[in-house]
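Architecture and fold: a report
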Amino acid sequence: MGRYFAIRMGRAALTIVLVVTFAFVVLRLSGDPALMILGPEAPPEVLAAFRKAWGLDEPIWFQYLDYFGAIAKGELGRSMRDGRPAIELVLERIPATLALTLPAFFFKVALGIPAGIYAALHRGSGIDRAVMMTAVAGFTVPSFVLALLLVLVFAVQLGWLPSGGQDSWRHAILPIATLSLGGAAVLARFTRSAMLEVLGQPYIRTASAKGVPWRKVVTSHALPNAAIPTVTILGFMVGTLIAGAVVVESVFAWPGVGRLLVVAVANRDLAVVQCILLLVAMTMVTSNLIVDFLYGFLDPRLRAKGAHA
Amino acid sequence: MTDATLKDTTTRRVSLPAIPVSVALAIGWIVAMLVIAAFAEKIAPYGYTQLDLRNRLSAPGNVAHWLGTDELGRDVLSRLLVSIRISLLIAFGATAISAIVGTTLGFLAAHFRGVVEQLVLMLTDFQASMPFLIMALAVLAFFGNSLPLLIGLMGLFGWERYARIARGLAISANAQGYAAAVRQLGATPARIYLRHILPNIASTLIVSTTLVFPEVILMESGLSFLGLGVQPPMTSLGNMVGYGREYLTRAPWIMLAPATTIVVTTLAVSVIGDWLRDRLDPTLQ
């Protein structure tokens, strides 16, 4: 068990190293920082002084290690637009994003998982077909189209809800609905297929053959086993809480992390982009780690496998 | 090989007459899209940047502009046709790149094992655990934007799935008689993998392609919608929806035509993919 966790922790750390490396490589490949900041007309001696001051004349591997050091200390640079530390800009946007993604996460789970389980237990029924059709629609209709359709119906035609901004709780309804519908469809489809796979297993047949009531077969044999793949996708959804609303925030002019990211990319505000990238990586890695730990508890086989891996 | 050929002919005999209506419709739609992509500028009634300032925001259904016009009087139908071409070009280019990159890495992992395999597996884990949109946005922020870069970037999408599948299948193929036989005959590794193993695992890889392809379309249209993908004056489906958003109240048709095209196209590819998977994927039978 301890070994399993140790391996997972090692992998998580490795992923962070990879993300930081990715950021470093992309940052260095995209051009000479001295030229980018001082402009092409800067005199050579100023450029040289700048390079010296920021360690850009050091060997590349030295800069790479330096970069790690800076990130470990939380020095993620300043926004080119207003000179404030990038990390501050990003952190102050997080509550707005969570105000959308947390309720949406709740609705996704509350709608998607029961729908998927029900559809699997009543395979071929009208409700199963309806769930599957909605699930396919949820996959093929991109979130920006869904968002615009909701705006068209509920804001433009019916005039019930505002189409954008962040002035009251009513402004959050359409963005949350957009996020929830798409996510619930994905989750329903996933839960259904996980459940169907489990229901086809011999141990389910054994359980019902030895006379266990169907309700109990489902609750104590099928559901715990179907939970394992479902937890994976839930973990991914938790990991995207911070930056999973990029498109939706843009459509609804919601001042969250996603909107900040889009604006920063358009302005090539590198410090902010890099900061969000690292933050997302941290959240993803943490939630994957939690999922791995949950696996350890949900599935004793994985613990055994982990010990050999 | 005889076994495989025999199996092929039997499945073909059974499966050919039984194409469901939905799959036939989906194939028809995709063929139509391909024809449109190939001849977009010839079919289009107007140039896609041609202005008609006297007919700005005119509603669909009139003879001059079947699907109406946008805020500059540009013909929505003509723009739609050209957008389909650009979006499909990106989607096909990107899908081809990711299939080639992923399969190659999967084969390398299966061939060399050891450190190479661990490295490839680490990269697939990394790719699978990071939201692609965020990484794509980061690259675009650092490098600016151009069509080749966009295609290359989208080509990084989904490669990890091919890599995993190709690795797994190649490892099991290597353990089978036919691979050992050609190896004994002195074939080079490249020949074994490309001429013998690849054809045998192609069906599973093709099924993955149908899963990745619609996601590439959605990803590209999402980026273009945000104004960070295909740049004007060039146009793509997502790009059109993005611009149409500003005229949502007065001229919803600008946005509805490309949005419908995106949805129907992704749906069609998914329908074909599901059907192919049931037909071809031996792991499901």
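Positions within a chain are numbered from 1, following the residues in the order the chain's sequence is written. Whichever chain is written first is A, and whichever ligand is written first is 1; the rest continue in order. With pLDDT at 70 or above as the cut-off, local features in this predicted model cover only qualifying residues; side-chain atom pairs require 80 or more to be listed or tallied, and sums for whole chains, interfaces and linings still use all residues.

**Brief notes about the overall build of chain B**
- Here a strand is any run of E in DSSP of at least two residues, a helix any run of H or I of at least four, and the numbering for each starts at the N terminus. Along the backbone of chain B there are 11 helices and 0 strands.
- Any residue with 12 or fewer other C-beta atoms within 10 Å of its own C-beta is exposed, any with 20 or more is buried, and the rest are partly exposed; the C-beta atoms used are placed from the backbone. Within chain B, the fraction of its 285 residues that count as buried is 43%.
- Nonlocal contacts in chain B, meaning residues at least 24 apart in sequence, comprise 69% of its contacts between residues at least 6 apart. Two residues form a contact once the distance between their C-beta atoms, set from the backbone, is within 7 Å.

**Concerning the overall build of chain A**
- Each helix and strand in chain A was counted, giving 14 helices and 0 strands.
- Put simply, chain A runs from its N terminus to its C terminus through helices and strands in the order α-α-α-α-α-α-α-α-α-α-α-α-α-α.
- Over its C-alpha atoms, taken along the principal directions, chain A stretches across nearly 85 × 60 × 25 Å.
- Out of the 309 residues in chain A, the part that is buried amounts to 36%.
- Residue pairs in contact within chain A that sit at least 24 positions apart in sequence constitute 73% of those at least 6 positions apart.

**As for the interface of chain A and chain B**
- With 38 residues of chain A at the interface, the matching set in chain B holds 35 residues.
- For the side of chain A that touches chain B, the elements supplying multiple residues, two or more each, are helix H1 (2-29), helix H6 (126-140), helix H7 (143-157), helix H11 (246-251), helix H12 (257-267) and helix H13 (270-298) of chain A.
- For the side of chain A that touches chain B, the element with the highest residue contribution is H13 of chain A, accounting for 8 residues.
- Residues are grouped as follows: nonpolar covers Ala, Val, Leu, Ile, Met, Phe, Trp, Tyr, Cys and Pro; charged covers Asp, Glu, Lys and Arg; every other residue, Gly included, is treated as polar. A class-by-class count of the residues in the side of chain A that touches chain B yields 30 nonpolar, 6 polar and 2 charged.

**As for the nonpolar core**
- For our purposes the nonpolar core covers buried Ala, Val, Leu, Ile, Met, Phe, Trp, Tyr and Cys residues that link as a set through C-beta atoms within 7 Å. Core analysis: the largest hydrophobic core is formed by 131 residues, its most contacted members being Leu261 and Ile276 of chain A.
- With near-sequence residues (within four places) excluded, isoleucine 276 of chain A lies in contact with Val90, Ala243, Val257 and Leu261 of chain A.
- Residues Ala163, Leu169, Ala173 and Ile192 of chain B belong to the second largest nonpolar core, which totals 18 residues.

**Some remarks on unusual backbone geometry**
- One non-glycine residue, alanine 253 of chain A, lies in positive phi territory at about 50°.
- For arginine 113 of chain B, which is not glycine, the phi torsion reads 50° and is therefore positive.
- Counting through the fold element by element, arginine 113 of chain B comes out in the loop between helix H3 (76-112) and helix H4 (114-129).
- Exposure remark for arginine 113 of chain B: the 13 C-beta atoms within 10 Å place this residue in the partly exposed category.

**Comments concerning the confidence of the model for chain A**
- When pLDDT is averaged along chain A, the result is 81, and 92% of the positions lie at 70 or above.
- The quantity called pLDDT is the predictor's confidence in a given residue, expressed from 0 to 100. Considering each helix and strand of chain A separately, the mean pLDDT is smallest for helix H14 (residues 300-308) of chain A, with a value of 55, and largest for helix H5 (residues 86-121) of chain A, with 89.

**Quick word on the confidence of the model for chain B**
All names here are of chain B.
- Chain-level pLDDT for chain B is 81 on average; 92% of the residues reach the 70-or-more range.
- Mean pLDDT values for the elements of chain B range from 48 in helix H1 (residues 2-15) up to 89 in H3.
- Considering only residues more than four positions removed or in separate chains, one finds that residues 1-7, a stretch of pLDDT under 50, has 1 contact.
- Taken together, the stretch residues 9-15 has pLDDT below 50 and engages in 1 contact with residues farther than four places along the chain or on a different chain.
- Both scores are given for the predicted complex: the pTM is 0.79, the ipTM 0.76.

**Looking at the packing of helix H2 (residues 21-43) of chain B against helix H11 (residues 253-280) of chain B**
Residue and element names in this part refer to chain B.
- Working convention: axes come from line fits to C-alpha atoms, limited for helices to the stretch in contact. Angles between N-to-C directions cover 0 to 180 degrees. The N-to-C vectors of H2 and H11 enclose an angle of 130°; their axes lie 9 Å apart at closest approach. For the element pair H2 / H11, the angle class is oblique. In terms of crossing hand, the pair formed by H2 and H11 is left-handed. Where H2 abuts H11, its residues Ser22, Val23, Ala26, Ile27, Trp29, Ile30 and Met33 lie against Val264, Thr265, Ala268, Val269, Val271, Ile272 and Trp275.
- Here the residues of the contact of H2 with H11 sort into 12 nonpolar, 2 polar and no charged. Should an angle fall under 35 degrees it is taken as roughly parallel, and over 145 as roughly antiparallel, whereas 65 to 115 is taken as roughly perpendicular and any remaining angle as oblique. In this scheme, a crossing is called left-handed if the near helix is turned counterclockwise away from the far one by less than a right angle; it is called right-handed if the turn is clockwise.

**Re the packing of H3 of chain B against helix H6 (residues 147-154) of chain B**
All names here are of chain B.
- At a minimum axis separation of 7 Å, H3 and H6 run at an interaxial angle of 50°. Judged by the angle between their axes, H3 and H6 are oblique. Taken as a pair, H3 and H6 cross one another with a handedness that is right-handed. Counted together, Ile90, Gly93, Ala94 and Ile97 of H3 and Leu150, Ile151, Gly152 and Met154 of H6 form the full contact between these two elements.
- Among the residues forming the contact of H3 with H6, the class breakdown is 6 nonpolar, 2 polar and no charged.

**Notes on the environment of phenylalanine 22 of chain A**
- In this structure, phenylalanine 22 of chain A sits in helix H1.
- A residue is classified by how many C-beta atoms lie within 10 Å of it, and phenylalanine 22 of chain A, with 18 of them, is partly exposed.

**Quick look at the environment of leucine 108 of chain B**
Residues and elements named next belong to chain B.
- Topologically, leucine 108 is positioned in helix H3.
- When the 20 C-beta atoms within 10 Å are taken as the criterion, leucine 108 is described as buried.
- For the pair formed by leucine 108 and tyrosine 193, sequence separation is 85 residues and the distance between their alpha carbons is 9.7 Å.
- Aside from chain neighbours lying at most four places away, what touches leucine 108 is Val116 and Val120.

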